[in-house]
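# What the coordinates show
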Amino acid sequence: MKFRQSVFKDESKLDINYVPSRLPHREKEHRLLMEFFSFLTQFPEKMAQRVIVTGDIGTGKTALCQRFGADMTIEAGRRGVTLRYVHVNCREYRGKLSLIIQHAVSILSPNFPKRGFSSEEILRTLLQSLDEEKAFMILALDEFDSLIEAEGSDAVYALTRLQEMRQSASQRISLVLIMRDLKPTEQLDASARSTLQRNVICLEKYSKEQLVDILNDRVSMAFGSAAVPEDVVCLAADLARDESGNARFAIELLWRAGKYADAEDLDVVAPECLRKAISSIIPMTQRNELQSLGYHEKLFLLAAAEFFKSSQKAYGTLAEVEKAYAITCEEFEEQPVSHTQLWKYVQLLTALGILKTEVSGEGTRGRSTLIYLPAVSASELEKELRGLLAEGKRGGARWR
Ligand code: ADP
Ligand code: MG
């Protein structure tokens, strides 16, 4: 038997959570962050800093902040300052400040009781632990908009005031707030807003050339030598550029293309592997739309995806998909919504371009509306929706 060799050398370097040691084309922003926090190496107890990092999906916000956190911690350590960088995704904690701070505390004091404390109490405990340890913390709140949405200005006050109230004592906690744009901060009242928006670092979308550099860097870490031809990297960058300069999309695309190459026993990642990969990925723009759908809209779309996945039919009637939806509701232990409501869902999903409809020709039963899926794989759609629905359950997101 022939030994099959993979095009990959180290797949983990393409993992979404991997933070590379350098981020091409984010050097300037990295330096700026280090500048903003340079006081930590000189007079750490004298001040606390607040910085907002904005940028579209896949512009490297999370990666940049994590890289900065690790580098800043080392830099502080060199000067004898104990610094803790804690990165929390607010959405994972439903935007609830108490849960977010709880997580931060649990990193310092793993035995701290999990329940029964208000965010102020937990914050106070956090400050105390830092005092005892003579340590400082940079708390990075990723997807900060979910915290604003859930708790509004009060959360911002809680985060900033407690420290200000202890004026005699040392400043301990600095904040890095990460979000796509500043729009959510408009919901805050004026004074909460003004405590935040002093330093804003905005990450621009990547150009095609920048994406090529980023991809080349990853390719050399993740793939065997000569496994990815130059024009394939170029094509991946072009495709990702169309997805609004999204580095995450570009990296995921290459990883999938590699999988297709392996599945076909190829020595190199051919352009065709890339084309297969792209047609299997749900475009990021559509993913956002999926995310923003209501709970039953998601259930209905899941039912449609499963209907098309399991049946050989290219087109389905609303009645057929409605039947599938009833089964999906059973699985999720939900009461189905009315037929009229479903009809509205079809119109909404069609307007969003997620579903397509066509009126059937005049047959014996008259005209009826047929539903079909546009250029997207039913099983990818199913996978994506199941993921989102699970998140919704866990996160208790606003349903309907
Ligand atoms: P965001 O948080 O803005 O949505 P991420 O930080 O998650 O974006 O970046 C998406 C992916 O792209 C991650 O895998 C990240 O490591 C990678 N990435 C983004 N920018 C760069 C860069 N400049 N150099 C290398 N990899 C990058
Ligand atoms: Mg992110």
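Up top is the structure.
This section reports on the structure supplied with the text. Fair warning: this is a prediction, and the values are worked out from it, not measured in the lab.

Our next topic: the pattern of salt bridges. Inspection of every chain in the model, using the stated rule, returns 24 salt bridges. Its salt-bridge partner being Arg180, residue Asp56 comes within 2.9 Å of it at the nearest N-O pair. In this pair, Asp56 is assigned in the loop between strand S1 (50–55) and helix H2 (61–78) and Arg180 in the loop between strand S4 (173–179) and helix H6 (190–196), connecting sequence segments 124 residues apart. For Arg180, a relative accessible area of 43% corresponds to the partly exposed category. A salt bridge links Asp238 to Lys208; its shortest N-O distance comes to 3.2 Å. On the criterion of sequence distance, the pair formed by Asp238 in helix H8 (residues 230–242) and Lys208 in helix H7 (residues 208–222) is long-range, its members being 30 residues apart. You can call Asp238 partly exposed: its relative accessible area is 32%. Using a relative accessible area of 21% as the deciding quantity, one classes Lys208 as partly exposed. By sharing partners, the salt bridges in this structure join Glu306, Lys309, Glu331, Glu382 and Arg386 into a single network.

Attention now goes to the pairing of S4. Of all seven residues that make up S4, seven are buried, and the element is covered over most of its length. On S4, burial covers both faces: Ile173, Leu175, Leu177 and Met179 on one face and Ser174, Val176 and Ile178 on the other are all buried. Inspection of the sheet shows S1 paired to S4 by five bridges, in the parallel sense. What sits directly across from Val51, in S4, is Val176. Judged from the five bridges that link them, strand S3 (residues 135–142) and S4 form a sheet pairing that is parallel.

What counts, and where the lines are drawn
- Residues numbered from 1 in each chain as written.
- Chains lettered and ligands numbered in written order.
- Predicted model: local features only at pLDDT ≥ 70, side-chain atom pairs only at ≥ 80, totals over all residues.
- Heavy atoms only, no water.
- Salt bridge = Lys/Arg side-chain N within 4 Å of Asp/Glu carboxyl O.
- Helix = DSSP H or I, 4+ residues; strand = E, 2+ residues; numbered from the N terminus.
- Buried < 20%, exposed > 50% of the residue type's maximum accessible area, 1.4 Å probe, protein only.
- Pairing = 2+ DSSP bridges.

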